[in-house]
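Working through the structure, step by step
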Amino acid sequence: MIGHGGGGRLSQQLISNLFLKYFGNPILNSLEDAAIVMLPQHKIAFTTDSYVVTPRFFPGGNIGKLAVCGTVNDLAMRGALPLYLSVGFIIEEGLPITELEDIVRSMAETASTAGVQIVTGDTKVVGKGAADGIYINTAGIGIVDETLNISVANAQPGDKVIISGTIGDHGMTILSLREGLSFKADLRSDCAPLNRLVKELHRFSYDIHVLRDPTRGGVASSLNEIAGSSNVGMIIDETSLPFKPQVKASCELLGLDPLHLANEGKFIAIVAESVADNVLEVLHSHEYGRDAVIIGKATDSTRRVALRTYIGSTRIIDIASGELLPRIC
Amino acid sequence: MHEVELVQLLISEIKKCGQPFAFMEVCGTHTMAISRYGLRQVLPDNIKLLSGPGCPVCVTANRDIDTAITFAKIPGLILTTFGDMIRVPGSKSSLAGERAEGRDIRVIYSVLEALEIAKQNPSREVVFYAVGFETTAPSTAFGIMEASKAGLKNFSVICMHKTLPNALRALLDTGDLGINGFLLPGHVSAIIGAKGYAFLAKAYGIGGAITGFEPIDILGSILKLIRQQTAGPVIENEYRRVVKDNGNQAALMGMQQVLTACNSDWRGLGTIPCSGLAIKADWQEYDALRRFEIELDEPVEHKGCSCGDILRGIKLPAACPMFGVACTPENPIGPCMVSSEGSCAAHYRYREQ
């Protein structure tokens with residue numbers, strides 16, 4: 001169990017027995033007040049995010065893996081090659097040390113898979129009840145590939161909209177485990193670091209216009225953000241949207257729109273029409289892009305995202321409001 | 001035949017009818033499906049679809065929401081309910097607002113979870129706020145029987161269930177609504193059976209079609225209702241793969257064992273005799289309304305909210321001056337904008353291009 005320490009011996013023990021054991025590298029091992037890192041170029045991408053997911057462990061990942069993937073993916077979405085992460089833990093007194101070790105080990109494995117180093121960090125233990133188990137903040141630095149110009153504001157009319165795989169897996173997995181909403185289905189979070197897959201797309205250079213990972217708020221929010229920032233409209237083909245059958249079925253059961261569910265291992269790519277098929281081919285050759293499909297295209301500047309249903313009508317895809325709650329009948 | 005082709009065929013048949021007809025759906029899941037698939041767009045202008053009192057959250061009267069809120073304020077009590085009820089505004093606040101104030105209000109998906117919470121918290125009163133039509137009432141009855149079997153002493157139910165047939169009767173009694181037929185609910189009918197609607201055709205001369213939830217089901221029923229306009233009103237079961245004439249006997253027997261008909265307040269329709277379900281005296285220890293004494297202020301209706309008219313099908317959501325302006329899913333004023341199955345929420349969320 002983690003006790004409430006004042007920054008003394010306990011913190012020292014955590015650092016040497018746990019964090020250095022798993023995260024260890026020459027920069028972190030020096031335990032300086034700040035890490036000094038080498039950057040080969042001037043243009044860097046820099047991002048931060050905090051993770052508070054409950055439950056902390058879920059099929060396909062845990063809060064630690066999520067914290068590494070989330071920040072790595074945010075960097076990748078700007079065309080950056082992620083290099084260094086910082087990690088901040090806020091731990092509630094009483095968290096089992098074995099649980100913390102599982103989280104830390106998973107973070108180290110994910111960082112290694114993604115090819116990033118954790119070079120600085122911080123830990124605070126707070127009193128029982130002052131936090132819910134563990135919160136993790138990660139920040140990341142990446143080098144921007146200057147042969148790219150990727151931005152949420154770059155979608156052009158005529159561009160193709162691609163999703164890298166099935167929609168809603170993470171959100172439905174977490175929802176299915178929530179207290180008071182327990183139901184059993186063969187669900188698994190898609191939580192994964194996407195930087196290596198995205199790097200494969202760098203060869204398309206300026207033809208990659210937008211990359212966005214549809215995390216909280218889901219695909220619906222991301223598409224609306226892109227349409228708003230780029231001043232384009234979008235038309236999405238309902239029949240092309242990829243869903244795992246169990247996610248679709250769970251959504252039907254709960255009355256939820258899978259386009260509102262979070263994803264943690266998927267991205268939306270808006271690309272020039274001329275390269276769309278080649279982009280798909282590259283995505284299909286990678287394990288995290290095997291189910292990639294074109295789901296629609298960008299249109300003139302209506303800034304509205306429309307869905308063409310399978311019966312031929314259209315409706316708008318709106319962003320989700322409020323909590324995602326089940327319906328009752 | 002491929003599903004899309006079948007849909008096109010149904011639409012072209014419906015388009016052959018040039019006369020104006022209005023059909024009403026009385027099930028929140030139909031409201032959702034019609035909006036979600038954009039069915040109004042593919043129908044000709046002469047066919048109007050109206051939403052009736054089919055969303056269990058929407059038809060819950062302010063007083064009943066105030067009741068739940070009053071329970072939630074009892075110190076130490078755990079109030080459990082279905083998700084959609086949480087954000088519905090009562091006279092002064094909502095359960096979501098009370099939860100933010102620190103009341104212990106938990107969203108559950110099934111009454112069995114409320115029983116589990118009661119088992120895990122033996123020193124606290126656990127109250128299940130039960131709303132919904134005949135689809136959810138059997139599970140509430142089952143939950144009470146389970147609580148009795150398990151000897152739970154800290155579990156009770158605020159039973160606010162409603163039943164549909166008498167509400168349809170009351171709706172039609174309010175005057176000529178210009179409805180030419182009903183799309184009858186698939187889920188409710190699966191419990192009560194197709195027989196329960198015979199009075200619609202006999203007493204009111206209005207036919208109906210028990211309908212599933214896919215575009216084919218809904219369009220197929222619309223075509224049946226159009227044909228009834230010349231052939232005469234009957235109750236047709238277009239959802240035979242699920243709905244039997246006599247319904248689900250096991251569910252009905254469970255309901256009859258624990259619950260009994262009572263008067264019920266409906267938003268927009270007022271008090272309707274024998275349109276609600278109360279807990280029978282034999283099971284009164286599980287009846288939260290008898291177990292606790294609560295005092296309620298007179299409910300306050302929201303000024304300018306058109307939910308009552310919308311639930312009777314005499315006003316469309318867009319005709320409400322607050323729709324999409326003062327009243328949005330982020331900031332709902334009336335329940336029809338809160339529930340995912342509410343007519344206003346469905347119209348807002350899936351508004352056409």
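Model, not experiment: these values are computed from the prediction. (Residues numbered from 1 in each chain as written. Chains lettered and ligands numbered in written order. Predicted model: local features only at pLDDT ≥ 70, side-chain atom pairs only at ≥ 80, totals over all residues.)

Details of the sheet that holds strand β10 (residues 268-271) of chain A
Backbone-to-backbone hydrogen bonds pair the strands of a sheet. The strands run either parallel or antiparallel. Residue and element names in this part refer to chain A. Spatially, β8-β10-β7-β11-β9-β12-β13 is the arrangement adopted by the 7 strands of the open sheet, whose pairing is mixed. Single-partner strands in this sheet number two, and they are β8 (208-212) and β13 (314-316). The sheet shows a mean angle of 25° between the axes of neighbouring strands, taken without regard to direction. Relative to strand β12 (residues 305-308), strand β9 (residues 233-237) is paired through 4 bridges, and the arrangement is parallel. (Pairing = 2+ DSSP bridges. Helix = DSSP H or I, 4+ residues; strand = E, 2+ residues; numbered from the N terminus. Axes fitted to C-alpha atoms, helices over the stretch in contact; angles between N-to-C directions.)

Looking at the packing of helix α1 (residues 9-23) of chain A against helix α4 (residues 97-114) of chain A
The packing of two helices is summarised by the inter-axis angle and the distance between the axes. Residue and element names in this part refer to chain A. Packing of α1 against α4 leaves a shortest axis separation of 9 Å and a crossing angle of 20°. The angle between α1 and α4 places the two elements in the roughly parallel class. As α1 runs across α4, the sense of the crossing is right-handed. Touching L18, F19, Y22 and F23 of α1 are L100, E101, V104, R105 and A108, all from α4. Looking at side-chain class alone, the contact of α1 with α4 contains 7 nonpolar, no polar and 2 charged residues. (Parallel < 35°, antiparallel > 145°, perpendicular 65-115°, else oblique. Left-handed = near helix turned anticlockwise from the far one by under 90°. Contact = placed C-beta atoms within 7 Å. Nonpolar A, V, L, I, M, F, W, Y, C, P; charged D, E, K, R; others polar.)

Some details on the domain arrangement of chain A
All names here are of chain A. Once the domains are mapped, chain A shows domain 1 (9-144) and domain 2 (160-316). If you look at the interface, domain 1 gives 22 residues, while domain 2 gives 22 residues. Within the residue set of the side of domain 1 that touches domain 2, elements represented by two or more residues are α3 (63-76), β4 (80-92) and α4. Examining the composition of the side of domain 1 that touches domain 2, we find that 9 residues originate from one element, α3, more than from any other. Tallied by class, residues from the side of domain 1 that touches domain 2 come to 14 nonpolar, 7 polar and 1 charged. (Domains from an automatic or database assignment.)

Quick look at the pairing of β4(A)
Residues and elements named next belong to chain A. Taken together, the 11 bridges between β4 and strand β6 (residues 134-144) define a ladder with antiparallel strand orientation. Paired with S86 across the strands is A139, a residue of β6. Of the pairings in the sheet, the one linking β4 to strand β5 (residues 117-126) comprises 9 bridges and is parallel in character. For Y84, the partnering residue across the bridge sits in β5 and is Q117. Assessed by its sense of winding, the connection that carries the chain from β4 through α4 to β5 is right-handed. (Right-handed = clockwise from strand over helix to strand, strands pointing away.)

Here's the deal with the environment of V305(A)
All names here are of chain A. On the secondary structure map, V305 appears in strand β12. A sequence separation of 82 residues divides V305 from L223, and the C-alpha atoms of the two residues are 6.9 Å apart. Among residues more than four places away in sequence, those in contact with V305 are L223, N224, A227, M234, I236, I316 and I317.

Digging into the nonpolar core
In terms of nonpolar packing, the biggest core is built from 111 residues, with A68(B), A114(B), Y129(B), V157(B) and I158(B) touching the most fellow members. Examining the composition of this core, we find that 6 residues originate from one element, helix α11 (residues 215-231) of chain B, more than from any other. Each residue touching A114(B), except ones within four places of it in the same chain, is listed here: T80(B), I108(B), V126(B), F128(B), G143(B) and F155(B). Core analysis: the next-biggest nonpolar cluster, separate from the first, contains 88 residues, Y84(A), I103(A), L194(A) and A276(A) among them. (Core = buried A, V, L, I, M, F, W, Y, C linked by C-beta atoms within 7 Å. Buried ≥ 20, exposed ≤ 12 C-beta atoms within 10 Å, placed from the backbone.)

Digging into the confidence of the model for chain B
Residues and elements named next belong to chain B. Here chain B shows a mean pLDDT of 92. Residues at 70 or above account for 99%. Mean pLDDT across the elements of chain B ranges from a minimum in helix α15 (residues 343-349), with 87, to a maximum in strand β6 (residues 155-159), with 98. Confidence metrics for the complex model read pTM 0.82 and ipTM 0.72. (pLDDT = per-residue confidence, 0-100.)

Brief notes about the packing of α3(A) against α4(A)
Residue and element names in this part refer to chain A. Look at α3 against α4: their axes get within 7 Å of each other, and the N-to-C directions meet at 30°. The pairing of α3 with α4 is recorded here as roughly parallel in orientation. Remark: the crossing between α3 and α4 carries right-handed chirality. In this structure, α3 contributes I63, G64, K65, A67, V68, C69 and V72 to the contact, and α4 contributes I103, V104, S106, M107, T110, A111 and A114. Here the residues of the contact of α3 with α4 sort into 10 nonpolar, 3 polar and 1 charged.

So, unusual backbone geometry
Residue and element names in this part refer to chain A. The amide bond that connects T54 to the next residue, P55, takes the cis arrangement and shows omega of -5°. You can see P55 is positioned in the loop between β1 (44-51) and β2 (57-58). Despite not being glycine, L31 shows a phi value in the positive range, around 50°. Position of L31 relative to the elements: it lies in the loop between α2 (26-29) and β1. One non-glycine residue, S205, adopts positive backbone phi at about 50°.

A word on the sheet that holds strand β2 (residues 47-51) of chain B
Residue and element names in this part refer to chain B. Read from one edge to the other, the open sheet built from 5 strands follows the order β2-β1-β7-β8-β9, with strand pairing classed as parallel. At either margin of the open sheet sits one strand with a lone partner, and together these are β2 and β9 (235-237). The mean angle between the axes of side-by-side strands here comes to 25°, regardless of whether they run parallel or antiparallel.

Quick look at the environment of S205(A)
All names here are of chain A. Here S205 shows up in the loop between α6 (195-201) and β8. Taking the C-beta count within 10 Å as the criterion, S205 has 13 such neighbours and is therefore assigned partly exposed. In this structure the C-alpha to C-alpha distance between S205 and V126, which are 79 residues apart in sequence, comes to 47 Å. Apart from the residues lying within four places of it in its own chain, the contact partners of S205 are T147 and L148.

Overview of helix α7 (residues 218-230) of chain A
Residues spaced three or four apart along an α-helix face the same direction, because each turn holds 3.6 residues. Residue and element names in this part refer to chain A. Spanning 13 residues, α7 covers 18 Å between terminal C-alpha atoms, matching the ideal 18 Å at 1.5 Å per step. Along α7, the residues classified as buried are G218, V219, A220, S221, S222, L223, I226, A227 and S230. Along its buried surface, α7 packs onto β7 (160-163), α5 (169-177), β8, β9, β10 and β12. (Expected span 1.5 Å × (residues − 1).)

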